[in-house]
Amino acid sequence: MLRLEDGLEKISGIGPKKKEQLASIGIETVRDALFHAPIRYEDRRERREIASLSDGDRAACLVVARGRAAMRRDGGKTLYFQTFCDGTGEMTAVWQNSPHILRTFSHGEAYVLYGRVFVRGKSKRMFAPLFAKNEEAEKKIGGIVPIYPAGADVSQTLLRNVIGACLPAADALSDILPA
């Protein structure tokens, strides 16, 4: 059982490198993690149609993979493209230096994508969206997800995992509100 004053190395999966990354944003103990409050929340439960998406939207879409993923080299980078559609339109997802994308999506399978939408003319794209098969979407993409203040070296996934692992220790905190 974690205690409030314990260091983060007591959490499974936290080694010296991750401990150093977390320390760079002021999280060194279980107490620090518990008091690292979200700055906002994203609601990823609502599924939007491609036709309703505007430039800059963050959205989750239930889509079907079309064709096979393709790759293109562009100035030393390798870009991977996968086209998706729903009944209202078509969108392309783009990943950089991610060769596994070529074998990830199956033509005709349903997926949920979540990410920021970029619209240029009539084309809509998501760059490196989160994705999951439709039946796994709730677990992998989430419902209402906290967004924490983070540094360049600290991912939201790492923060969510660390803070989640620390939550059982919150029972040791005294309530500051009177009965």
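Computed from a prediction, not measured in an experiment: that's the story for all the values here.

(A) Region of interest: the pairing of strand β4 (residues 89–96). Pairing geometry for strand β3 (residues 77–86) and β4, over eight bridges, is antiparallel. Considered in β4, the bridge of Leu-79 is made with Gln-96. Between β3 and β4, which pair antiparallel and follow one another directly, the connecting turn spans two residues. Relative to strand β6 (residues 123–127), β4 runs parallel, the two sharing three bridges. The residue bridging Val-94 from the neighbouring strand is Phe-127, located in β6.

(B) Geometry of helix α4 (residues 156–166). Buried residues of α4: Leu-158, Leu-159, Val-162, Ile-163 and Cys-166, and no others. Within α4, the buried residues cover an arc of 120° as seen down the axis, which keeps them to one side. Buried residues belonging to α4 abut α1 (16–23) and α2 (30–34).

Here is what the cut-offs are and how they apply
- Every chain begins its residue count from 1, and numbering advances along the sequence as written.
- Residue-level local features of this predicted model are given only where pLDDT is at least 70; pairs of side-chain atoms are given and counted only at 80 or more, and the full residue set underlies all totals for whole chains, interfaces and linings.
- To obtain the side-chain values, all non-hydrogen atoms of the structure were used and water was disregarded.
- The pairing criterion is simple: DSSP has to find at least two bridges between the two strands.
- For helices the rule is a DSSP run of H or I covering at least 4 residues; for strands it is a run of E covering at least 2, with both sets numbered from the N terminus onward.
- Type-normalised accessible area, obtained with a 1.4 Å probe on protein chains alone, sets the label of each residue: buried when under 20%, exposed when over 50%, and partly exposed for intermediate values.
- Our arc is simply the arc of the directions from the helix axis toward the C-beta atoms.
- Whether two residues are in contact is decided by their heavy atoms, any of which lying within 4.5 Å being enough.

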